[in-house]
Amino acid sequence: MAATMRLISRLSLVTGGGSGIGRAVCQRLASEGASVVVADISEESANETLRSLTGDLRGQGHMAAVVDVSSKESVKSLITSIQAQYFQPPSVCVNAAGITQDDFLLNMEEEHFDRVIKVNLKGSFLVTQAVAQALVACGSSKGSIITVGSIVGKVGNLGQVNYSASKAGVEGLTRTSAKELSRFGIRCNCVLPGFISTPMTEKVPEKVISKMKSLVPLGRMGEPAEVASVCAFLASDDSCYITGASVEVTGGLFMG
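Since this is a predicted model, take the numbers as computed values, not measurements.

About the criteria used
- Residues numbered from 1 in each chain as written.
- Predicted model: local features only at pLDDT ≥ 70, side-chain atom pairs only at ≥ 80, totals over all residues.
- Heavy atoms only, no water.
- Helix = DSSP H or I, 4+ residues; strand = E, 2+ residues; numbered from the N terminus.
- Rg over C-alpha atoms; globule rule 2.2 N^0.38 Å.
- Buried < 20%, exposed > 50% of the residue type's maximum accessible area, 1.4 Å probe, protein only.
- Patch = residues over 30% accessible without salt bridge, like charges linked within 9 Å, V, L, I, M, F, W, Y side chains within 5 Å.
- Areas by Shrake-Rupley, 256 points an atom, 1.4 Å probe, with all protein chains shown as cover.
- Salt bridge = Lys/Arg side-chain N within 4 Å of Asp/Glu carboxyl O.
- Lys, Arg positive; Asp, Glu negative; His and termini not counted.
- Charge placed at Lys NZ, Arg CZ, Asp CG, Glu CD.

A.B. asks: Whenever I open this one, the overall build of the protein chain confuses me. Can you help?
C.D. replies: A tally of regular secondary structure across the protein chain gives 8 helices and 7 strands. Its C-alpha atoms give the protein chain a radius of gyration of 17 Å, near enough to 18 Å, the size a compact globule of 256 residues would have. By its C-alpha atoms, the protein chain is 50 × 40 × 35 Å across when sized along the principal axes. Across the 256 residues in the protein chain, those meeting the buried criterion constitute 48%.

This is how it looks when you write it as structure tokens:
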């Protein structure tokens with residue numbers, strides 16, 4: 001449970017909110033008082049997250065929504081439905097939607113490269129653009145857009161040329177967005193998780209997990225809630241002088 005109520009009256013959109021880091025982010029933002037829109041390509045997963053959210057505070061109300069972040073029309077429809085429901089755009093947005101389709105460079109199918117880039121990078125662009133446009137149009141004085149990247153976007157990873165490229169791309173997207181949107185009071189930051197225990201990592205063989213843990217100075221995998229706590233900080237006014245930053249949540253993995 002959060003120790004503070006930093007996000008009371010904040011409307012928050014979390015893509016990829018149906019599982020893993022996205023679900024943990026939804027739960028953390030709600031626990032700090034935000035109204036949360038849980039957006040996911042899976043309606044069932046979004047509703048499952050929705051049922052797990054606290055909503056005891058006056059004025060706090062959550063909703064689940066289906067979105068394909070790689071589709072401009074789907075993203076546009078999402079923002080329209082949010083504004084119809086709440087009469088305002090989200091002032092907090094967390095881009096947590098992402099996929100992997102791993103293979104080595106020499107074997108990777110073009111369609112697998114394209115799909116990961118389309119969801120992870122283009123999807124972050126479309127959602128960031130749509131939320132920023134809505135905030136600027138309504139004259140909002142502030143906003144916080146947070147994109148979940150990955151440490152492999154900085155260092156690369158065997159078998160993940162598409163994923164690594166997409167996550168390197170979202171850092172560039174975040175920095176440029178931060179420069180362009182700061183005059184509107186919109187901050188843009190990136191969170192870079194390391195090895196986190198999520199549905200993605202559940203498919204990894206145990207011997208590989210053990211090897212991964214041995215590389216982490218803190219000696220363990222991270223938890224989604226530990227990434228979510230950083231997202232909550234960046235969503236709040238506690239980080240009001242931070243924009244264009246990339247915050248590593250890695251247990252010290254690949255520290256310089």
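A.B. asks: Where do I start with a negative patch on the surface in this structure?
C.D. replies: The grouping of Glu 109, Glu 110, Glu 111 and Asp 114 at the surface amounts to a negative patch. Tracing the backbone shows Asp 114 in helix α4 (residues 110-137).

A.B. asks: Before we go on, may I ask you to explain unusual backbone geometry in this structure?
C.D. replies: Note: most peptide bonds trans; most residues except glycine with negative phi. Phi is positive for Ser 9, close to 75°, though the residue is something other than glycine. Its location among the elements puts Ser 9 in the segment before β1 (11-15). Judged by relative accessible area, Ser 9 falls into the exposed class, the value being 64%. In this structure, Phe 254 takes a positive phi of about 60° despite not being glycine. Examined against the element boundaries, Phe 254 turns out to sit in the segment after β7 (246-249).

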